[in-house]
Amino acid sequence: MELTAIEKLFGTVFCFVTGACIGSYLNVFIYRWPRGMSTNSPSRSICFSCGNPIRWQDNLPILSWFLLGGKCRTCKAAFSIRYALVELFTACLFAQIFLVFGLTFATGVYLLWAALMVAGSFIDIDTCLLPDRITLSGSVIFPLLVLVLDMADASEGLVVGDWREALFGAFFGAGFIYFIRFLGTAAFGREAMGLGDVKLMAMNGALLGWWRSLFVIMGLGPVLALLTVLLLRLLQRFKIERFSEVPFGPFLCLASYLSLYWADEMIEWWLALPPGATASLDQPWRWLGW
Ligand SMILES: [Zn+2]
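About the cut-offs
Every chain's residues receive numbers from 1 upward, in the order its sequence appears when written. Since the coordinates come from a predicted model, pLDDT governs what is reported: local features require at least 70, and pairs of side-chain atoms require 80 or more to be given and counted, while whole-chain, interface and lining totals use all residues. Note that water and hydrogens are dropped before the side-chain values are worked out from all heavy atoms of the structure. In this listing, donors mean N, O and S atoms no farther than 2.8 Å from the metal, or 3.2 Å for Na, K and Ca; water is missing from the atoms, so a site can look incomplete. Geometry assignment treats four donors as tetrahedral when all angles are between 85 and 135 degrees, treats four as square planar and six as octahedral when opposite donors are over 155 degrees apart and all others between 65 and 115, and treats everything else as irregular. Put simply, DSSP H or I for four residues or longer makes a helix, DSSP E for two residues or longer makes a strand, and each gets a number counted from the N terminus. Exposed residues in this analysis have more than 50% of their type's maximum accessible area, buried residues have under 20%, and partly exposed residues fall in between, with area computed by a 1.4 Å probe over protein chains only. A pair of cysteine sulfur atoms is labelled a disulfide when the two atoms are within 2.5 Å. Think of a salt bridge as a Lys or Arg side-chain nitrogen and an Asp or Glu carboxyl oxygen that are within 4 Å of each other. Whenever a nitrogen or oxygen atom comes within 3.5 Å of another N or O atom, the pair is scored as a polar contact, on the condition that within protein one atom can donate a hydrogen and the other can accept it, and that pairs from neighbouring residues in sequence are kept only if both atoms are in side chains. When checking whether two residues touch, look at their non-hydrogen atoms; a contact exists if any pair is within 4.5 Å. Here the bounds of each domain stem from an automatic or database domain assignment. Accessible surface is computed with a 1.4 Å probe, and the buried area is the amount of it that two parts give up when combined, taken over both parts together. Three categories are distinguished: nonpolar for Ala, Val, Leu, Ile, Met, Phe, Trp, Tyr, Cys and Pro, charged for Asp, Glu, Lys and Arg, and polar for the others, with Gly belonging to the last. Only rings of Phe, Tyr and Trp enter the pairing, Trp through its six-membered ring, and a pair is recorded when the two centres are within 6.5 Å. The plane angle decides the type: under 30 degrees is stacked, over 60 is edge-to-face, the rest tilted.

### Some remarks on the coordination of the zinc ion
Reference values for coordination geometry: four tetrahedral donors around a metal ideally subtend 109.5 degrees, six octahedral donors ideally subtend 90 or 180 degrees. Summarising the metal site, the zinc ion is bound by the protein donors Cys47 (SG), Cys50 (SG), Cys72 (SG) and Cys75 (SG), whose distances to it range over 2.3 Å. Relative to the metal, the 4 donor atoms surrounding the zinc ion lie at angles of 106 to 117 degrees, and the coordination shape comes out tetrahedral. Read from N- to C-terminus, the donor residues coordinating the zinc ion fall into the pattern C-x2-C-x21-C-x2-C. Placement of cysteine 47 in the loop between α1 (5-32) and α2 (63-67) and of cysteine 72 in the loop between α2 and α3 (82-101) is noted, with a sequence separation of 25 residues between them. The same class applies to cysteine 47 as to cysteine 72, namely buried.

### Digging into the state of the cysteines
Cysteine pairs can be covalently joined through their sulfur atoms, and such a bond is termed a disulfide. Overall, the coordinates contain 0 disulfides when judged by the stated rule. Counting only cysteine sulfurs, cysteine 21 is the nearest neighbor of cysteine 15, a cysteine outside any disulfide, at a range of 12 Å.

### Remarks on the pattern of salt bridges
One pass over the structure, following the stated rule, counts 7 salt bridges. Residue aspartate 58 pairs with arginine 55 through a salt bridge whose shortest N-O separation is 3.6 Å. Given a relative accessible area of 10%, aspartate 58 falls into the buried group. With a relative accessible area of 39%, arginine 55 lands in the partly exposed category.

### Remarks on the side chain of asparagine 204
The residue asparagine 204 is located in helix α7 (residues 195-237) in this model. Among the polar contacts made by the side chain of asparagine 204, one reaches the side chain of serine 256 at a distance of 2.9 Å. Setting aside residues no more than four positions away along its own chain, asparagine 204 makes contact with Trp113, Met117, Leu252, Cys253 and Ser256.

### Quick word on the environment of phenylalanine 105
Mapped onto the secondary structure, phenylalanine 105 falls in helix α4 (residues 105-127). Owing to a relative accessible area of 54%, phenylalanine 105 belongs among the exposed residues under this scheme. The residues touching phenylalanine 105, leaving out its near neighbours within four places in the chain, are Leu149 and Ala154.

### Comments concerning unusual backbone geometry
Phi at isoleucine 62 is positive, roughly 60 degrees, even though this residue is not glycine. Classification of isoleucine 62 as buried rests on a relative accessible area of 14%. The phi angle at aspartate 153 is positive, at roughly 60 degrees, despite the residue not being glycine. Tracing the sequence through the fold places aspartate 153 in the loop between α5 (132-151) and α6 (163-188). Among the residues examined, aspartate 153 registers a relative accessible area of 71% and is labelled exposed.

### Notes on the domain arrangement of the protein
With domains assigned, the protein is organised as domain 1 (1-103) and domain 2 (130-283). Between domain 1 and domain 2, the C-alpha centre-to-centre distance is 26 Å. Contact residues are listed per partner, giving 7 residues for domain 1 and 10 residues for domain 2. With both chains or domains summed, domain 1 and domain 2 bury close to 710 Å², and 66% of this area falls on carbon and sulfur atoms. Among the residues domain 1 hides against domain 2, the three largest losses belong to Trp33, Gln96 and Phe101. Together they make up 70% of the total. Our enumeration of links across domain 1 and domain 2 arrives at 0 salt bridges. At the surface where domain 1 touches domain 2, the tally comes to 1 residue pair in polar contact (both at pLDDT 80 or more). Of the residues assigned to the side of domain 1 that touches domain 2, the class counts are 6 nonpolar, 1 polar and no charged.

### Quick look at the packing of aromatic side chains
Enumeration over the complete set of coordinates arrives at 16 aromatic pairs. Geometrically, the ring pair formed by phenylalanine 168 and tryptophan 285 is edge-to-face, given 5.6 Å between the ring centres and 90 degrees between the ring planes. Residue phenylalanine 168 is located in helix α6, and its partner tryptophan 285 is located in the segment after α8 (249-270); the two are separated by 117 residues in the primary sequence. A relative accessible area of 14% places tryptophan 285 in the buried class.

Structure below.
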């Protein structure tokens, strides 16, 4: 369905605001899950320092952090700017997904995916663990969602809208990174990657298909990770930032997200293929005449 300019604008603003609110909620998960805390009690956010509930007008996504100068109104304890940045980041992802995929079921699928990846990435940054609640749920939900939408003839807009491609992508993504993990562990004598990354790529593979997953694991993911580590080393050298261990999960997430939009162009550019050449990659069983 083609949207008018005003519908597109309204939808994008709506998704931005919704994304900021969801981001605010994701902050709660990111903080409470690794600490084994309940996510619904206390139902209201409380200050980690003085324990006072945060009033709703001090809990507006993105805005409140700036209005309060990053401090608790009661005790003046500093709140990390990361809370506002997670909200802003989620808002931008949501707006972009609507802008690209419009009023389709695909938009709903990708909004859910983006929210899961934001929560998973920040928990991974904090703890070097990707929670099963996110990756395992995702690797069941997304192949099923594609299957249902494909069966209902409603997979319009999905980058991978054929359930066979989704299922193959999930198995390929998980299997390939498991293979890399096996090689890495054999070569370095210690666990090279977590099983969390394997489950993450089962989830992402279902939405990306097999060859975009391969591109994420072997191409874009490692490149983004390497650039970040170099940047962090540089900052560390100038005593700006300290870091110990950099998890791979967030880079897999970022690379997966970017690949959803641009993997085709990036691969065609990289391998100097004619435009549209990647379309034939999605169903490798066709090469066998199936
Ligand atoms: Zn306080």
